[in-house]
Amino acid sequence: MKGHGGEPGGIRTRLRDERGQLSVEFTGMVPIILVTLVLLWQAVLVGYTFTLASGAADEGVRRAVAADAGERQSRCEAAVNERLPGAWEGPAEIDCGGGGGASDVVTTTVTLKAPVLFPGFASLPVPVTARAGAAAEGK
């Protein structure tokens, strides 16, 4: 029962020689798998931040357009803050502009900071900005 060829003992010898190989390979791959998962999760958070900013800007414009000219700013800011979850409200920059006359365009710009790993922990240095606009109603 020598050798690794077609002899019956060859398979057992080969398996005995490779004992522990799976443990070594798994241990080496764990950091790579974890880093990949963290990067994917971070990409999901950045994408979700874009979605939140866009939805909040749209909602701010919608509420501002339906309001009287004097109430547009406050209604816009209130709508944006209602739309954002608590972890994204704090660092949000809201700019509700335009709509001074009957034919003007009302615009809203929402700038958020994407969280690092989980909301409320830290933010990425690159801001996420969304803009929305609509024609003001004649109120």
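Before reading on, note that the structure itself is shown above.
About the cut-offs
Residues numbered from 1 in each chain as written. Predicted model: local features only at pLDDT ≥ 70, side-chain atom pairs only at ≥ 80, totals over all residues. Heavy atoms only, no water. Disulfide = S-S within 2.5 Å. Helix = DSSP H or I, 4+ residues; strand = E, 2+ residues; numbered from the N terminus. Buried < 20%, exposed > 50% of the residue type's maximum accessible area, 1.4 Å probe, protein only. Expected span 1.5 Å × (residues − 1). Bend = angle between axes of the 7 residues up to and from the residue. Contact = heavy atoms within 4.5 Å. Core = buried A, V, L, I, M, F, W, Y, C linked by side-chain atoms within 4.5 Å.

Peer 1: Any chance you could explain the state of the cysteines here in plain terms?
Peer 2: Between two cysteines, a covalent bond joining their sulfur atoms is known as a disulfide. Tallying each qualifying case throughout the model produces one disulfide. Each sulfur of the disulfide joining Cys-76 and Cys-96 lies 1.9 Å from the other. Here the disulfide of Cys-76 and Cys-96 is left-handed, its torsion about the S-S bond being about -75 degrees. Of this pair, Cys-76 sits in helix H3 (residues 72-83) while Cys-96 is found in strand S1 (residues 93-98), placing the two residues 20 residues apart along the sequence. Residue Cys-76 is classed as buried on the basis of its relative accessible area, which comes to 0%. Look at Cys-96 and you get buried, because its relative accessible area is 10%.

Peer 1: Any chance you could explain helix H2 (residues 21-65) here in plain terms?
Peer 2: The terminal C-alpha atoms of H2, which comprises 45 residues, lie 66 Å apart, in line with the 66 Å expected from a rise of 1.5 Å per residue. In H2, a bend of some 30 degrees at Met-29 exceeds every other bend along the element, and Pro-31, a proline, comes one to four places later.

Peer 1: What exactly am I supposed to notice about the environment of Ala-56 here?
Peer 2: Within the element layout of this structure, Ala-56 appears in helix H2. With 74 residues separating them along the chain, Ala-56 and Ala-130 place their C-alpha atoms 8.5 Å apart. Residues contacting Ala-56, with those up to four places away along its chain left out, are Val-80, Arg-83, Leu-84 and Val-110.

Peer 1: Explain the nonpolar core to me, please; I cannot follow it from the model alone.
Peer 2: General note: in soluble globular proteins, nonpolar side chains tend to be found buried as a group. Counting 20 residues, the largest nonpolar core has Ala-53, Leu-84, Val-110 and Leu-112 as the members making the most contacts within it. Elements represented by at least two residues in this core include exactly H2, H3, strand S2 (105-115) and strand S3 (123-135). In terms of residues, this core owes the most to one element, H2, which gives seven residues. Beyond its immediate stretch of four places on either side in the chain, Ala-53 contacts Val-110, Leu-112, Val-128 and Ala-130.

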